[in-house]
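Secondary and tertiary structure notes
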Amino acid sequence: MVKDGLTGGEGALTPANQQLKSPAMAIREIITLPDKQLRLVSKPVDKVTAEVRKLADDMLETMYAAPGIGLAAIQVAQPLRLITMDLAKRDEDGETKPRPRVFINPEILSSSEEMSVYEEGCLSIPEYYEEVERPAKVRVRFTDLDGKVHEEDAEGLFATCIQHEIDHLNGVLFVDYLSKLKRDRVLKKFTKAAKRAAE
Ligand SMILES: [Zn+2]
């Protein structure tokens, strides 16, 4: 199952395996609806410190273990503008080489008028999938783990995924794009489940 979150497209979006594991990495807890932290606006990363690198490593490990294809720092309760992603696809032999990516302080510089629809999911809204329409292409600027700034054009799954994750940094969830009826239904379901779990 693919979470965080898109199942559309070529159907082979299962995340890459976990060869990146090192003893220093740790899986962190992913927060889910209705946790209010998901609505926080995350702060920019001032400097790529050892702590930021460790967070990125942990987020990758957490994302692969979930499994998911994208994760924003706030999903592990860290309100920082940091995203991890791996959109590696299986080749014909069913082998997948991991292609971990880290985006620090990512921003969308421009968006296409052309739109595309993907079925999205989110590790913070488990087991829920809905189609969302977003700009088909975006140009993004971000900093890498070496502190270098890049600009890149994204399309297809990459475009959708980076928009979904940048939304997290602004406290926006994919269910916000659905009808009020659908959104309320999801919120209710997760609020009830959380109450039951707390009893
Ligand atoms: Zn998400």
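Refer to the structure above for everything that follows.
Residues numbered from 1 in each chain as written. Predicted model: local features only at pLDDT ≥ 70, side-chain atom pairs only at ≥ 80, totals over all residues.

A few words now on the overall build of the protein. Along the backbone of the protein there are 3 helices and 8 strands. Along the protein, helices (α) and strands (β) appear in the sequence β-α-β-β-β-β-β-β-β-α-α when read from the amino end. For the protein, buried positions account for 36% of its 199 residues. (Helix = DSSP H or I, 4+ residues; strand = E, 2+ residues; numbered from the N terminus. Buried ≥ 20, exposed ≤ 12 C-beta atoms within 10 Å, placed from the backbone.)

Looking now at the nonpolar core. One finds A56, M59, A73 and L82 to be the most contacted residues of the largest nonpolar core, which totals 40 residues. Of all the secondary structure elements, the ones that give two or more residues to this core are α1 (50-65), β2 (70-72), β3 (82-85), β4 (101-111), β5 (115-122), β6 (125-135), β7 (137-143) and α2 (156-169). Of all the elements, α1 adds the most residues to this core, at 7 residues. What A56 contacts, discounting residues up to four positions off in sequence, is L82, T84, V102 and L145. (Core = buried A, V, L, I, M, F, W, Y, C linked by C-beta atoms within 7 Å. Contact = placed C-beta atoms within 7 Å.)

As a further point, take α2. The α-helix advances 3.6 residues per turn, and as a result positions three or four apart in sequence lie on the same side. Look at α2: 21 Å from first C-alpha to last across 14 residues, which is about the 20 Å you get at 1.5 Å a residue. Among the 14 residues in α2, 11 count as buried, and that is most of the element. Within the span of α2, buried status applies to L157, A159, T160, C161, I162, Q163, H164, E165, I166, H168 and L169. (Expected span 1.5 Å × (residues − 1).)

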